[in-house]
Amino acid sequence: MKRLAVSAAFAAFMAIPAAAQVKPAIIFDVGGKFDKSFNEAAFNGAEAFKRKTGIAYREFEIQNDAQREQALTRFARDGHSPIIAIGFSNGSAMKKVAAEFPNVRFAIIDFVVDLPNVQSIVFKEHEGSYLVGLLAAQASKSGKVGFVGGMDIPLIRRFACGYVQGVKAAKPNAEIFQNMTGTTGAAFNDPLKGSELARSQIARGADVIYHAAGNTGAGVLRAAADAGILGIGVDSNQNGMHPGKVLTSMLKRVDIAVEKVLTEANNNQWKSGVTVLGLAEGGVDWAQDDNNKALITAEMRAAVEKASADIKAGTIKVHDYMSDQKCPVQ
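Residues numbered from 1 in each chain as written. Predicted model: local features only at pLDDT ≥ 70, side-chain atom pairs only at ≥ 80, totals over all residues. Heavy atoms only, no water.

Engineer: Sorry, what's going on with the state of the cysteines here?
Structural biologist: The term disulfide refers to a covalent linkage connecting the sulfur atoms of a pair of cysteines. Throughout the structure, instances matching the rule amount to one disulfide. Residue Cys161 pairs covalently with Cys327 via a disulfide, S to S 2.1 Å. Linking Cys161 and Cys327, the disulfide has an S-S dihedral of approximately 90° and is accordingly described as right-handed. Residue Cys161 is located in helix H6 (residues 154-170), and its partner Cys327 is located in the segment after helix H11 (321-324); the two are separated by 166 residues in the primary sequence. On the basis of relative accessibility, which here comes to 3%, the residue Cys161 falls in the buried class. (Disulfide = S-S within 2.5 Å. Helix = DSSP H or I, 4+ residues; strand = E, 2+ residues; numbered from the N terminus. Buried < 20%, exposed > 50% of the residue type's maximum accessible area, 1.4 Å probe, protein only.)

In structure tokens, the structure reads:
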């Protein structure tokens with residue numbers, strides 16, 4: 001009976017008219033669409049799609065966990081499709097709501113939902129973090145660098161572990177300070193706490209600090225700039241937040257992922273399943289522009305470009321913390 005029900009649901013999904021125009025909706029996570037990081041990257045992707053097609057989208061900015069299921073359900077009932085949820089915290093709500101609306105296309109960033117009407121997009125954050133770790137070690141004069149994460153979960157430890165591997169590859173004796181901001185989603189939206197953690201690491205001698213903390217990272221970058229040391233941004237290009245004081249940013253191309261989901265749906269090319277984006281797929285990278293060009297020497301650029309090529313070729317294998325919940329270096 002269960003198999004028949006699933007088959008019927010899938011058949012209903014496949015029966016969606018191919019020519020139906022998309023009616024997109026996006027749910028931004030805590031921190032909001034202008035967090036200059038993760039959510040804003042998603043916003044930029046949606047805006048790019050809107051500019052190219054003229055198709056508008058509805059949006060909602062999550063304020064608390066109870067709103068996740070409510071927002072997904074409301075958009076589905078209103079006939080929106082595809083509906084994109086930004087962030088792993090929407091995972092449980094997505095599983096429930098997508099099963100209830102099998103004829104609606106959904107997508108989720110940073111989480112895998114195994115349903116025939118859901119597209120899951122995840123990234124190899126450890127690869128991009130390795131590159132900025134390599135740069136951090138080369139830029140550091142003290143031999144001490146820092147990392148500030150948002151919520152203490154395996155996903156954020158994946159960033160940290162990749163970063164540590166890059167640091168150690170360039171400077172084996174480097175000391176790395178690591179702090180997580182908290183254990184709930186609020187840890188991604190606490191710039192004051194981010195600033196406090198950064199100042200603590202600076203007091204211990206860190207002269208380069210990388211954050212993977214959403215809007216909390218704004219406090220990290222501010223503290224670094226105020227102290228005259230270097231910060232490293234994440235997700236979006238944050239080099240311009242403090243020109244000359246942000247060494248680089250680890251780009252996580254959520255913008256490309258969001259635009260791709262919407263474009264494929266609009267062109268009737270949308271598919272469910274899991275999409276994994278790393279360096280080879282253009283899903284992660286490091287940022288270089290006029291704001292940080294004076295900070296990146298020719299030697300640093302050559303080293304990071306070689307490492308990037310080696311990771312793509314498989315010569316360098318960056319360990320993924322989420323594969324075994326362990327990091328081989330500390």
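Engineer: Honestly, the nonpolar core in this entry has me stumped. Any pointers?
Structural biologist: When a protein is soluble and globular, its nonpolar side chains tend to lie buried together. If you look at the biggest cluster of nonpolar residues, it comprises 66 residues, and the most contacted ones within it are Ile86, Phe147, Phe159, Tyr163, Tyr210, Leu247 and Val258. With eight residues, the single largest contributor to this core is helix H5 (residues 125-139). Sequence-distant contacts of Phe159, that is, excluding residues within four places in its chain, are made with Glu125, Ser129, Phe147, Tyr210, Ala212, Val234, Asp235, Met250 and Lys252. (Core = buried A, V, L, I, M, F, W, Y, C linked by side-chain atoms within 4.5 Å. Contact = heavy atoms within 4.5 Å.)

Engineer: What's the story with unusual backbone geometry in this structure? I'm lost.
Structural biologist: In most cases, non-glycine residues show a negative phi, while peptide bonds are predominantly trans. Ser81 connects to Pro82 through a cis peptide bond whose omega is 0°. Structurally, the position occupied by Pro82 is in the loop between helix H3 (66-77) and strand S3 (83-86). Here Asp110, not a glycine, exhibits a phi torsion of approximately 75°, which is positive. Following the sequence through the fold, Asp110 ends up in the loop between strand S4 (106-109) and strand S5 (118-123). What makes Asp110 buried here is its relative accessible area of 11%.

Engineer: Teacher, can you tell me more about the sheet that holds strand S2 (residues 58-61) here?
Structural biologist: Sheets are built from strands paired through backbone hydrogen bonds, the pairs being either parallel or antiparallel. What the six strands build is an open sheet, ordered S2-S1-S3-S4-S5-S11; its pairing is parallel. The open sheet has two edge strands, S2 and strand S11 (273-277), and neither has a second partner. Averaged over all pairs of adjacent strands, the angle between their axes in this sheet comes to 15°, without regard to strand direction. Bridge count between S3 and S4: four bridges; the pairing is parallel. Counterpart to Ile83 in the pairing with S4 is Phe106. Against the sheet, H3 contacts strand S1 (25-28), S2, S3 and S4, and its axis sits at roughly 170° relative to S2. (Pairing = 2+ DSSP bridges. Axes fitted to C-alpha atoms, helices over the stretch in contact; angles between N-to-C directions.)

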